[in-house]
Amino acid sequence: MSNSSSHGRTSLDGLSLAGIVAAVLMLVAAVALSLVPQPAQAASLVRVTNFGTNPTGLNMYVYAPDRLAERPALLVMVHYCTGSASAVHNGGGRDYVTAADRNGYVIVYPEATRDGHCFDVSTQNALRRNGGSDSTGIMSMVSYARQRYNVDPERIVVSGISSGAMMTNVLAAQYPDVFSAGAAFAGVPAGCFATTDGSMWNSQCSGGTLLKTPQQWGDQARAMYPGYTGRYPRMQLWHGTADTTLAYPNFGEALDQWTNVHGVSRTPTTTDQPQPNWTRTRYGTGTPAVVEGISAQGTGHDVPTAGMVAQAITFLGLDRPPTTTTTTTTTTTTTTPPPSQGCSVKAVVNAWNTGLTETITITNTSSTPVNGWELQFTLPGGQTVTGGWSATYSPATGQVTARNVGYNAQIQPSAQVSIGFQATHTGNSGPADGFTLNGVRCAVT
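Looking at an unreviewed UniProt entry, one finds the chain named PHB depolymerase family esterase, with Lentzea kristufekii as its source organism.

Here it is in structure tokens:
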């Protein structure tokens, strides 16, 4: 018994000494590692709250790459039933993310929160512009991203898979003045899934037996934005011939719809095979085509498959590298104040419930450039900044200082810089006041 105890103590003492030595070595390694410059945190999927009108309680996620184009494109990427923002970001839509890193565009991911995580493309509210269902919340996300990231309004596009493909067609019909192009993977024509019994599933449509003339389908799309006479988005449609979830005849019906909407012949102008089992048909005389359909022989509902998103990126115009870029890092600049009375500021607030966004336009009204700037202003009581764009902001309440980022440090005479922030409020949603630029009081316009 005593021998056993003595042996136990000897082992414990040995382990303690070894543990001390190991701890010292780990400490030395940690100190050494801390002296090595660490890489900046990579861009990631970020949830956004209080983005605007959201009647059906969708979640909003954004992916903004570390290097943004000065006027980035915006992709709205809509997931499938049972899906999520992260699932499509890391799964079927991953090639979109890689291209965003390369070409500097922003991706917005709407996320359905109802049971089944399908998007509403069936109810009366869902199938009219500003109707108060999912598409209304998605357009709030678009408006938020446009302001937050200085998006090029001519390069806002949408893509989706299955339920998301159905929503892609609906958004293109309801908001043709917003979207320039769409790419739908295994969807149905806009309005095909309409129901009158409160259900969100239309078996006739899903089975491919809801057949209409091109004129009827076109009229159904046009009815989602009555009176609109402008251009409609270019549309790319993908479908597998072996799809048993949303049957293959929906592919032809969707081509009927969009060729009619665009007023082009249903007879293809060109037919080719980008891959051995794909047949691509293009409609109209434009380059790129206003409507493009790709039929995948033997493919089921599990799309996109390899190579499809790459084709969609080109069709949507997301393959353009940024000509100039901005980064999320800040630069240290020697500031030069403008002469007295040398600046003016315009502040515009868009408020809702307990949140708001405020856009601030700074104008250099002096005759000399401003090289590096700090704009100070005072927030109304109860407001707290939760995020901002085109500047860094601190502190979050009271008197706030907005400092330039690298690409907008200089303001030439008579030139403007637009910045902004998102904030919460407790009832007072008024604009900031007391603006000074590098210590000089600015006129408020």
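There's plenty left to go through after this.
**A short note on the overall build of the chain**
Of regular secondary structure, the chain possesses 9 helices and 24 strands. Considering the chain as a whole, with its 445 residues, one finds that 48% of them fall into the buried category. Here the analysis covers contacts within the chain between residues at least 6 apart in sequence; of these, 73% occur between residues at least 24 apart. When the accessible surface of the chain is totalled, it reaches about 19,800 Å², and 53% of it is carbon and sulfur.

**Examining the side chain of T401**
Mapping T401 onto the fold places it in strand β19 (residues 399-404). Taking relative accessible area as the criterion, T401 reaches 6% and is therefore assigned buried. In this structure the side chain of T401 is engaged in a polar contact, spanning 3.2 Å, whose partner is the side chain of Q376. Not counting chain neighbours up to four residues away, the residues in contact with T401 comprise E374, L375, Q376, T392, Y393 and S394.

**Side note on the packing of aromatic side chains**
Following the criterion strictly, the structure yields 10 aromatic pairs and no others. Seen in terms of ring centroids, Y248 and F251 are 5.7 Å apart; in terms of plane orientation they differ by 25°. Their pairing is stacked. Judged by centre distance (5.6 Å) and plane angle (40°), the ring pair of F377 and F435 falls under tilted. Remark: F435 occurs in strand β22 (residues 433-437) and F377 occurs in strand β16 (residues 374-378); sequence separation between them is 58 residues.

**A few points about the state of the cysteines**
Going through the model one piece at a time under the given rule, you end up with 3 disulfides. Here C81 pairs with C118 through a disulfide, and the sulfurs are 1.9 Å apart. Judged by the sign of its S-S torsion, about 130°, the bond between C81 and C118 is right-handed. Of this pair, C81 sits in the loop between β4 (74-78) and α2 (85-90) while C118 is found in the loop between β5 (106-111) and α4 (134-149), placing the two residues 37 residues apart along the sequence. The partly exposed category is assigned to C81, whose relative accessible area is 23%. On the basis of relative accessible area, C118 is assigned to the partly exposed category, the value being 22%. Along the chain, the cysteines that take part in disulfide bonds pair up as 1-2, 3-4, 5-6, counted in sequence order.

About the cut-offs
- Residues numbered from 1 in each chain as written.
- Predicted model: local features only at pLDDT ≥ 70, side-chain atom pairs only at ≥ 80, totals over all residues.
- Heavy atoms only, no water.
- Helix = DSSP H or I, 4+ residues; strand = E, 2+ residues; numbered from the N terminus.
- Buried < 20%, exposed > 50% of the residue type's maximum accessible area, 1.4 Å probe, protein only.
- Contact = heavy atoms within 4.5 Å.
- Areas by Shrake-Rupley, 256 points an atom, 1.4 Å probe, with all protein chains shown as cover.
- Polar contact = N/O pair within 3.5 Å; in protein donor to acceptor, adjacent residues only side chain to side chain.
- Phe/Tyr/Trp six-rings, centres within 6.5 Å; stacked < 30°, edge-to-face > 60°.
- Disulfide = S-S within 2.5 Å.

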